[in-house]
Amino acid sequence: MFLDDEDKDFKLIDQNEEDKKNELDDYYVVDDEIKRVFTDDIKEEEIEDDEEYIPQEKEGYTVQSRILDSEENGLKPADLATVMKNSFLEYAMSVIVARALPDARDGLKPVHRRILYGMSELGMFHNVQHKKSARIVGDVLGKYHPHGDSSVYEAMVRMAQDFSLRYPLIDGHGNFGSIDGDSAAAMRYTEARMSKIASAMVDGLKKNTVDFIDNYDGTEKEPVVLPARFPNLLISGSYGIAVGMATSIPPHNLNEVIDGVCALAKNPNITIAELMEHIQGPDFPTGGIIFDKEGLIKAYETGVGRVTIRSKANIQELSNGKSRIIITEIPYGKNKSNLIESISHLIKDKKIEGISDFRDESNRDGIRIVIEVKKNFVPEVILNKLFKLTEFQTRFSFNMVALVNNEPLKLNLKMALEVYLNHQINVVTRRLQFDLEKDLARAHILEGLKICVENIDRVIAIIKQSKTDAEAQATLGKEFNLTEIQTKAIVDMRLGRLTGLAIEKMNEELFQVHERIAEYRRILSNKDALIELIIKELQEIKEAYGDKRKTEINWDEVSDINNEDLIPKKDVVITITTNGYLKRLDLDEYKEQGRGGIGVSTAKTYQDDDIQDILVANTHTDLLIFTTNARVYRVRGYEIPVGTKQSKGIPIINIIGALAKDEKVIKILSVDDRDYEKDKFLLTVTKNGIIKKSNLSHYKLINKNGKMAFGLKENDSLVDALVATNDEEIYIAASNSKICRFDIKDINAMGRVAAGVIAIKLDENDKVVSVSTSSEGKYIFSLGANGFGKLTLAENFRKTRRNSRGVIALDDEKAGEMAYSATVKGTEDIIVITDDGISIRFSLKQVSITGRNAKGVKLVNLKKRNASIVGVAKIIDQSDETDKEREMTASELIEVTSDINLDNLEDLEK
């Protein structure tokens, strides 16, 4: 029978079958007539063709409530709020118990447990070949897990990823995803089997160690929990979101957690602090460095807390002056591709400057992200910005929630270990009981066979006389007082068991079985022996699968770091030119030479520029930068860009901002952070011999725009600034080769902007060249403009009062005009820089000690270049003790005494 779709009246095509048409009139509309079926009990009503039948518009219709007040036709009244509440709670508990939260005993969610159990049932252990993942998923799906196939496969994929689990439980073949966020291949393409350590999770499953329940359709049995021979909850960790709660447990090192369980087993009253001596902290599969010990302690004590994870990086200094940041480990759970992409966004948004290139050089050997840093940029600062602005540094939040007796519970460290230890006590007890019953049954049979062997002739006769096995068993049991099990074993025994060797083996087996039975009973009756057995088995797991930590722990460093926290402390040399170009070099760049050398080139100079000053500082000290307008600026040592020996440096305005017209930097002073807190003063001495003393604390807080440092008179400029105390003496050297020596306490402390008082009287063409204090040594090193220098005992210089002319310090007719003079210990190194950019470094141990009026020895060879000395700096010789003073030789002592007036007893004593 067919219908014509174009026939609006639904007429039958086959008109010849009238009898069939009549039968079907009750089902189809023919000639616009409505036919009804089963209308015997329905009253026919006249309904117009074009009207819609609406019962509510019928006259006399009344609205009646359908809410039931009592049970009717099997329907019971119910409160909507109660139904919704109960339904939601049932749903919530189903999600919590059956999906999202792990069991505290084996650390597994139901899907993971079913995967491992299903694979163990298929015999897919680590020593068999891999099988298709689709086969595993199908078996688990069909027998135990009534959900989507993706839920099973995605769980299995995560169990196979070495960057997700510290100790993967699945050994996968094929594409199981990557740390870059790549998805795993479809399950029809991949293969898998249980990993070696996963076999310890199901070990003893066949020995009645755990309870079994029906699966979803009652056709199979599945375990409620796995035996878990190692504490998987902490070792593998877990993450899940349930209804109204979540869990976040980081992975840990197997060795540490097992040691913690063993310590708890030996001492049930152990504290969490004592457990943390064994369990140092999380051990993430991706490595990294963790900080914030307080957060970890809180997490272990309360179950809630957080630690900071930072990528592991190192900095390579290249020979061309550039540097390179190499990141080899990233925080746990982060996508490497997204991290690299975040670098490009920061560069594009100009939030990080100084990166010339970056690339991913990761391979099968591990992660390697290379970031190229431009010249004159500090790589430590760039790395710190990456930590602050990207997820190269992040936080892991603890929320140690797991199921205990099928109820969600927040666990601290000790509670998590206690739950596992109690589980092991139960598992091992049930396993021992199973083995005991099995051996008792075996011993029972062996004892019957032994009786049979001892009475073999009578046994054979009984069996031959019996018509049936049942009759033989009954006779044997009555004759030798044997049980039905023993008699059946005797009747079923092969004749080969009667050989001498077989009988000997049977007796040996019976002896071993009795020994095992005794051992099982001893352990089951003694809790201490049971604990010892558990500890022994845990140590076996540790020896078989344990390894070293991957995540480094650094409790000494804070997680919120400043730029300088990443920069190593080291001494550097800072130079500045007359045009305000600044740079820093490692102190090692200045190699020591013998006195009289010609030096090495350390700065590229131009026709209109010369080296103005040089100082030795530390990357973690303050640099007080003084200008001709008597302003002072404050920067840290590491903020000065690194240069090369031949580089000119960068303009000082890039460091401290724009300067006023004709304003220049004339002095940079290195100040240690501790100096601000002590009773120390800042001394400033000008070219015209004006000195001012003010408290150093005035200069601790200096904003970016700087502040006034001292009052400066017209036609005067700053020569030097230094930090000293009232207990010291000051030595002011002038170009007329004289030194004025007096006590610092003779100068009154003044305000920050005061001009100061006269320190040394000078003639019109004379000027101050250098300043030093008595705390810097007992010798005075003097250097003339012709390159001659010498050492002289500071005591040879008569002490005067402020505003005096001083005493002669150098034979200027031979040595040249005084270029530099300062107190030293005689063991320092000296760096001399000339106006043509040449520097030489030599040790003062090579310089002889002579009298005040001597010219000294040739230290710097200037004749070949017709250059002049523009900067001198002294450096503590790192090979000697910093407080060691140089001792005079006999010849030097004779030389020095030539300047002493023997008629003066005081001079003779000196």
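Quick notes on the rules
- Residues numbered from 1 in each chain as written.
- Predicted model: local features only at pLDDT ≥ 70, side-chain atom pairs only at ≥ 80, totals over all residues.
- Heavy atoms only, no water.
- UniProt positions renumbered as here; feature names shortened; annotations may be inferred.
- Helix = DSSP H or I, 4+ residues; strand = E, 2+ residues; numbered from the N terminus.
- Buried < 20%, exposed > 50% of the residue type's maximum accessible area, 1.4 Å probe, protein only.
- Contact = heavy atoms within 4.5 Å.
- Areas by Shrake-Rupley, 256 points an atom, 1.4 Å probe, with all protein chains shown as cover.
- Polar contact = N/O pair within 3.5 Å; in protein donor to acceptor, adjacent residues only side chain to side chain.
- Expected span 1.5 Å × (residues − 1).
- Pairing = 2+ DSSP bridges.
- Phe/Tyr/Trp six-rings, centres within 6.5 Å; stacked < 30°, edge-to-face > 60°.
- Lys NZ or Arg CZ within 6 Å of the ring centre and 35° of its normal.
- Axes fitted to C-alpha atoms, helices over the stretch in contact; angles between N-to-C directions.
- Parallel < 35°, antiparallel > 145°, perpendicular 65-115°, else oblique.
- Nonpolar A, V, L, I, M, F, W, Y, C, P; charged D, E, K, R; others polar.

- Looking at an unreviewed UniProt entry, one finds the chain named DNA gyrase subunit A, with Metamycoplasma gateae as its source organism.
- The annotation that UniProt attaches to the chain under Catalytic activity (unreviewed entry) is "ATP-dependent breakage, passage and rejoining of double-stranded DNA."
- Of the chain, the UniProt comment under Subcellular location (unreviewed entry) reads exactly: "Cytoplasm".

As for the overall build of the chain
- Each helix and strand in the chain was counted, giving 22 helices and 41 strands.
- In the chain, which comprises 910 residues, the proportion classed as buried is 47%.
- Restricting to contacts in the chain with at least 6 residues of sequence separation, those with at least 24 account for 72%.
- Carbon and sulfur atoms make up 47% of the accessible area of the chain, which amounts to about 47,400 Å² in all.

Considerations on the side chain of Asn-736
- With respect to the helices and strands, Asn-736 occurs in the loop between β30 (729–734) and β31 (738–743).
- Within polar-contact distance, the side chain of Asn-736 engages the backbone nitrogen of Lys-738 at 3.1 Å.
- Only 3.2 Å separates the side chain of Asn-736 from the side chain of Asp-766, close enough to count as a polar contact.
- Look past the residues within four positions of Asn-736 in its chain and what remains in contact with it is Leu-762, Asp-766 and Asp-812.

Observations concerning helix α11 (residues 336–348)
- With 13 residues, α11 should reach 18 Å at 1.5 Å per residue; the first-to-last C-alpha distance of 19 Å fits that figure.
- The elements touched by buried residues of α11 are β12 (355–360), β13 (369–373) and α12 (379–389).
- The residue sitting at the N-terminus of α11 and contributing the capping side-chain oxygen is Asn-335; that oxygen lies 2.9 Å from the backbone nitrogen of Ser-337.
- Two residues or fewer past α11, Lys-350 is found with a positive phi of approximately 60°.

Points about the sheet that holds strand β27 (residues 690–695)
- Judged by pairing direction, the sheet is antiparallel, and its four strands sit side by side in the order β29-β26-β27-β32 without closing on themselves. Unpaired on one side and paired on the other, β29 (718–724) and β32 (757–758) mark the two borders of the sheet.
- With five bridges joining them, strand β26 (residues 681–686) and β27 adopt antiparallel strand pairing. Directly across from Leu-683, in β27, lies its bridge partner Lys-693.

Considering the side chain of Ser-466
- Locating Ser-466 in the fold gives a position in the loop between α14 (456–465) and α15 (469–480).
- Within the structure, the side chain of Ser-466 is placed 2.7 Å from the backbone oxygen of Ile-462, a separation counted as a polar contact.
- The residues touching Ser-466, leaving out its near neighbours within four places in the chain, are Glu-471, Ala-472 and Thr-475.

Overview of the packing of aromatic side chains
- Counted by the stated rule, this structure contains nine aromatic pairs.
- Centre to centre, the rings of Phe-88 and Tyr-91 are 6.4 Å apart; their planes meet at 50°, and the pair counts as tilted. Here Phe-88 and its partner Tyr-91 are both found in helix α2 (residues 80–100), three residues apart, which amounts to about one turn of the helix.
- Where Phe-781 meets Tyr-820, the ring centres are 6.4 Å apart and the plane angle is 50°; that geometry is what we call tilted. Pair noted here: Phe-781 is in strand β34 (residues 779–784) and Tyr-820 is in strand β37 (residues 818–824), with a separation of 39 residues, a long-range link. With respect to burial, Phe-781 and Tyr-820 carry one shared label: buried.
- By the ring-pair criterion, three or more aromatic residues cluster together here, those being Phe-284, Tyr-300, Tyr-332, Phe-396 and Phe-398.
- Directly above the aromatic system of Phe-681 lies the positively charged group of Lys-693, at a separation of 4.7 Å from the ring centroid.

Focus on the sheet that holds strand β28 (residues 707–708)
- Taken in spatial order, the four strands make up an open sheet running β25-β22-β23-β28, and their pairing is antiparallel. Only two strands of the sheet have a single partner each, and these edge strands are β25 (665–671) and β28.

So, helix α8 (residues 254–266)
- With 13 residues, α8 should cover 18 Å at 1.5 Å per step; its first-to-last C-alpha distance of 18 Å lies within 8% of that length.
- Burial analysis of α8 places eleven of its 13 residues in the buried class, which makes it a mostly covered element.
- Those residues of α8 that sit buried are Leu-254, Asn-255, Glu-256, Val-257, Ile-258, Gly-260, Val-261, Cys-262, Ala-263, Leu-264 and Ala-265.
- Where α8 is buried, its residues contact α7 (232–236), α9 (272–275), α13 (413–454) and α18 (527–545).
- With a side-chain oxygen positioned 3.0 Å from the backbone nitrogen of Asn-255, the residue opening α8 is Asn-253.

Quick notes on the environment of Phe-480
- Looking at the element boundaries, Phe-480 is found in helix α15.
- Judged by relative accessible area, which is 18%, Phe-480 ranks as buried.
- Note: C-alpha distance between Phe-480 and Val-459 (21 residues apart in sequence) is 9.4 Å.
- When sequence neighbours within four positions are dropped, the list of residues in contact with Phe-480 reads Ile-451, Asn-455, Arg-458, Val-459 and Ile-462.

Thoughts on the packing of α8 against α13
- Relative to each other, α8 and α13 sit at 75°, their axes nearing to 10 Å. In this view, α8 runs roughly perpendicular relative to α13, as classed from their interaxial angle. Taken together, the residues of α13 that come into contact with α8 (itself represented by Val-257, Gly-260, Val-261, Leu-264 and Ala-265) are Lys-414, Leu-417, Glu-418, Tyr-420 and Leu-421.
- Its residues assigned to classes, the contact of α8 with α13 comprises seven nonpolar, one polar and two charged.

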